[in-house]
Every structure is written in C-alpha cells, then in structure tokens.
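Observations on the model geometry
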Amino acid sequence: MGIRKRVTQAISIAAGGVLALGLAGCSGDDSGGDGGGGDGLVTVGFVAVGPEGAWREANETNIRETFTEEAGFDLRYAPARNLDQTSQIDAFTSFVDEGVDVILLSATEGSGWEDSLRRAQEAEIPVILIDRGIEPDDDSLYVTRIAPDNYEVSQGVAEWALSAFPDGANYFVLEGPPGVSVVNERNEGWNDVIGEHPEFVSLGAQTANWSTEEARSVFETVLRSNNNDVQIVFAQNDEMGLGAAQAVEEAGLTPGVDVQIATIDGTRGALEALADGRLSFVAEYNPLFGETALEMVNQALEGEEVDSYVIVPSGTFDSPEAATAALPDRKY
Ligand code: AHR
C-alpha cells in the first residue's frame, strides 16, 4: 500500500449504538445477544491466526495477557484451524451472533471479509484489525487497523540492501503465503525502492509460507540453479531467513559472507543469528501492541474518533553488535 491512509475516522452514530449495546452487555443486561460478559466485563471476540511462528505467538500472547478480567474484559480467543479462513469466518459469525461488544481480527487471508464485516456493522459491533489488513481496503468496514507499517518496514530492508551493495547485487525474495495482506505490502515496499536500481537483479520470488524448512528447501534449489551467484535474500519473516541460512551452509557457503540475508520480525532467534553473523539485517515488526489495542477498544466503545491505521513503531538491527546489545532486554 504505497499511500498510507491516516484519515481520522469518526465513530459513526451506529457506533454510538455500540456504546449502548456495549454498556448493556457490560451491565449483564442480555436484552441484545448473550454477548454480555456479565459482571460488567467488556466481551471481546478475538478471531486469531493461531500457531504460525514466533512472531504470532508473541503477538497473540500479548493480546491475551492484556485483555484480562482484571482489566475489565472477557476475551474469547478463537484461533484459526490450520490457518483456514473458513474457520475464521465461522468464529467471526459466532461472535456477531453472540453479540460481543467488539471483535479483534487477525485475518489469515486478505480478501473475502466484506460480508462478515458488514454483518458486524449491521449488528453495531466495532471491528479492529490486528496486524493484517483486508483487501480491498475499505476502512468504512472497520474501526482501525493496528500494525507496524509493512510498506515502510520493507522499504527499510531495501534501503539496507542499497547501502550494503552500492554496485548492485543478485537477489531472491522468500515471501509469506500468497493472498496475505502483509506479503503484498512488503513486496510493494521492497519493489518501490529496489525497482529504481537496475543494478539490482531479481532472480525470482517464491513463497515459503513463513516456514524455516520450506525456505531451506526453496533456497537450496535457488542456489543450485544460479550456481550460488546470489548475494542477497530478502526473507519476509525471520523463520524463512533462518531457513535460507541453513541452505547457504549446506551449499558449503557462509551466510553473512557469501550471501547476505535480511529478514522482518525481530524475534529472539533472528537476533541471535544476527549476533552470530548468520543473518545480516533484521527489521523489527513489533508484535507487542496489546496496550494500544486496549486503548483503541476503549475509544471505539466510548464513541471517540480513531485513526483508521494506528502505526506501531518498529526498529532495525544492522550489525552483530546491535543484536547483542538488544538481546538481554528482548521480550520476544
Ligand atoms: O503478519 C505478520 C507476519 O505473520 C509475520 O511477519 C510473520 O512472522 C507472521 O507469520
């Protein structure tokens, strides 16, 4: 998404209705659905991704540890079955039918959400997107999206590549699953920078589905079919970057010397690999935004204005020294 929308979106009158519904839910008055949390709790339906890797584990754990009963919430966690969108749509529909006060959605697929989102809107249940966007991006269908800016994060990886290889390089991109919003945003951010530099030659792009083993296998083939003449791997998450490093080593080469591998996420495993020189650049995609999500939920239920895209700040790590310095305090 080249142009990020920061349009402030006033919560509609309908959302004012949500306030009534939400408070009704809080008061235990089940005149609406039975989504009321009873005991004055705000009911939150979390349509989640579930097991997917270290980043997802950190993000969903942080959300679940934030929306506690002590904080006034009844969080209902619904992870996808095997990353299957149908199971997410089923959970979403159940939350609408239950009349929860608010829905958090981390979408396994970028498209196919319009009907569900419209049902929530008709039921006056605000929806907040966690991490993943929807395509087409119609921000009238949700209150806000909370995530680091994928476009800018991947632009940062591309800027590092330009600085690391001033005369250009051959590169390969290991992508996340097709159809996932962040994959398209990361491709756009990388391509909008690298595409301006013909001295950077693409040897191709292929999904490895966020997986270390799949990335090892894919990149093993890429090295072999290019006679090891690959200087950069842009791996769109840490796990795939670590898989590429394994493939480099199995080819008798040295990651960080023969092939520079850059990743996105900033999980502990990646920073340890950067400290060891097996990765060369790690762009953080900060997963710890539970508190921000809680603030946005409260603002939505109180009918306050909320930006349609709340950007989570994220840093970068460009050396073993930077990774070593960050590791002791790393929370994920
Ligand atoms: O949507 C965020 C991406 O999903 C992370 O970069 C990746 O590790 C996760 O699986």
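Before any of the text, the structure's been laid out above.
Numbering of residues starts from 1 in each chain and follows the order in which that chain's sequence is written. The predicted origin of the model limits local features to residues at a pLDDT of at least 70 and limits the giving and counting of side-chain atom pairs to 80 or more, whereas totals for whole chains, interfaces and linings rest on all residues. Here the side-chain values reflect all heavy atoms present in the structure, with hydrogen atoms and water set aside.

**A few points about helix H10 (residues 290-301)**
Put simply, DSSP marks the helices as runs of H or I at least four residues long and the strands as runs of E at least two long, and each gets a number from the N terminus on. An expected span of 1.5 Å times one less than the residue number is assigned to each helix. Taking 1.5 Å of rise per residue, the 12 residues of H10 would be expected to cover 16 Å, and the 16 Å separating its terminal C-alpha atoms lies within 8% of that figure. For H10, the complete set of buried residues consists of Gly290, Ala293, Leu294, Met296, Val297, Ala300 and Leu301. End-on view of H10: buried residues confined to an arc of 165°, all on one side of the axis. One or two positions beyond H10, positive phi appears at Gly303, with a value near 75°. Working definition: with a 1.4 Å probe on protein chains only, accessible area under 20% of the residue-type maximum means buried, over 50% means exposed, and in between means partly exposed. Comment: arc refers to directions from the helix axis out to C-beta atoms.

**Thoughts on the site of the ligand**
One heavy atom within 4 Å of a molecule or strand is enough for the residue carrying it to be called near that molecule or strand. Around the ligand, the neighbouring residues are Glu52, Trp55, Arg56, Asp131, Arg132, Val182, Arg186, Trp210, Asn237, Asp265 and Tyr285. As used in this structure description, the phrase polar contact means that two N or O atoms lie within 3.5 Å; if the pair is within protein, one of them must be able to donate a hydrogen and the other to accept it, and residues adjacent in sequence are counted only when both atoms belong to side chains. Within the side chain of Asp265, one N or O atom sits 2.5 Å away from an oxygen atom of the ligand. The protein chains shown are the only cover counted for residues, whose accessible areas, like all others here, come from Shrake-Rupley with a 1.4 Å probe. Look at the ligand: alone it shows 290 Å² of surface, and the protein chains cover 99% of it. A class-by-class count of the residues in the shell around the ligand yields four nonpolar, one polar and six charged. These domain boundaries are the output of an automatic or database domain assignment. Each of domain 1 (4-147 + 287-313) and domain 2 (150-285) gives at least three residues to the shell around the ligand. All residues other than Ala, Val, Leu, Ile, Met, Phe, Trp, Tyr, Cys, Pro, Asp, Glu, Lys and Arg, Gly among them, are scored as polar; the first ten of these are nonpolar and the last four charged.

**Observations concerning the packing of helix H5 (residues 150-164) against helix H6 (residues 181-194)**
Contact pair H5 / H6: the axes reach a minimum separation of 7 Å and the direction vectors enclose 35°. Like other packed secondary-structure pairs, H5 and H6 cross with a definite hand, here right-handed. Judged by residue contacts, Asn150, Tyr151, Ser154, Gln155, Val157, Ala158, Glu159, Ala161 and Leu162 of H5 engage Val182, Glu185, Arg186, Glu188, Gly189, Trp190, Asp192, Val193 and Ile194 from H6. Partitioned by chemical class, the residues of the contact of H5 with H6 number nine nonpolar, four polar and five charged. Orientation is described by axes fitted as lines to C-alpha atoms, over the contacting stretch for helices, and by angles from 0 to 180 degrees between their N-to-C directions. Two helices cross in a left-handed way if the nearer one is turned anticlockwise from the farther one by less than a right angle. They cross in a right-handed way if the turn is clockwise. Should any heavy atoms of two residues lie within 4.5 Å, those residues are considered in contact.

**What to know about the packing of helix H2 (residues 54-66) against H10**
Orientation of H2 relative to H10, taken along the N-to-C sense of each, is 50°, at an axis distance of 8 Å. Considered as vectors, H2 and H10 are oriented oblique to each other. The interaxial crossing formed by H2 with H10 has right-handed handedness. Contact residues: H2 offers Asn62, Ile63 and Thr66, while H10 offers Gly290, Glu291, Ala293 and Leu294. Of the residues that constitute the contact of H2 with H10, the class distribution is three nonpolar, three polar and one charged. The labels follow the angle: roughly parallel below 35 degrees, roughly antiparallel above 145, roughly perpendicular from 65 to 115, and oblique for the rest.

**Description of the packing of aromatic side chains**
In summary, the pairing rule links any two rings of Phe, Tyr or Trp, Trp by its six-membered ring, whose centres are within 6.5 Å, and it sorts them by plane angle into stacked for under 30 degrees, edge-to-face for over 60 and tilted for everything else. Within this structure, the stated rule accounts for eight aromatic pairs. Aromatic side chains Trp160 and Phe281 sit 5.4 Å apart centroid to centroid with 20° between the ring planes, which places their arrangement in the stacked category. Taken together, the positions of Trp160 in helix H5 and Phe281 in strand E11 (residues 281-284) put the pair 121 residues apart, joining distant regions of the chain. Owing to a relative accessible area of 4%, Phe281 belongs among the buried residues under this scheme. When the ring of Phe172 is compared with that of Phe219, the centres are 6.4 Å apart and the planes differ by 45°; the resulting orientation is tilted. Residue Phe172 is located in strand E7 (residues 169-175), and its partner Phe219 is located in helix H7 (residues 212-225); the two are separated by 47 residues in the primary sequence. Residue class for Phe172 comes out buried when judged on its relative accessible area of 4%.

**Digging into the sheet that holds strand E13 (residues 309-311)**
Taken together, the six strands give an open sheet; going across it, the order is E3-E2-E4-E5-E6-E13, and neighbouring strands pair in parallel fashion. Each edge of the sheet is formed by a strand with only one pairing partner; in this case those strands are strand E3 (73-79) and E13. Strand-to-strand twist of the sheet, defined as the mean angle between neighbouring strand axes without regard to direction, takes the value 20°. Each pair of strands is called paired provided DSSP finds at least two bridges between the two strands. Inspection of the sheet shows strand E2 (residues 42-48) paired to strand E4 (residues 102-105) by four bridges, in the parallel sense. The residue of E4 that forms the bridge with Val44 is Val102.

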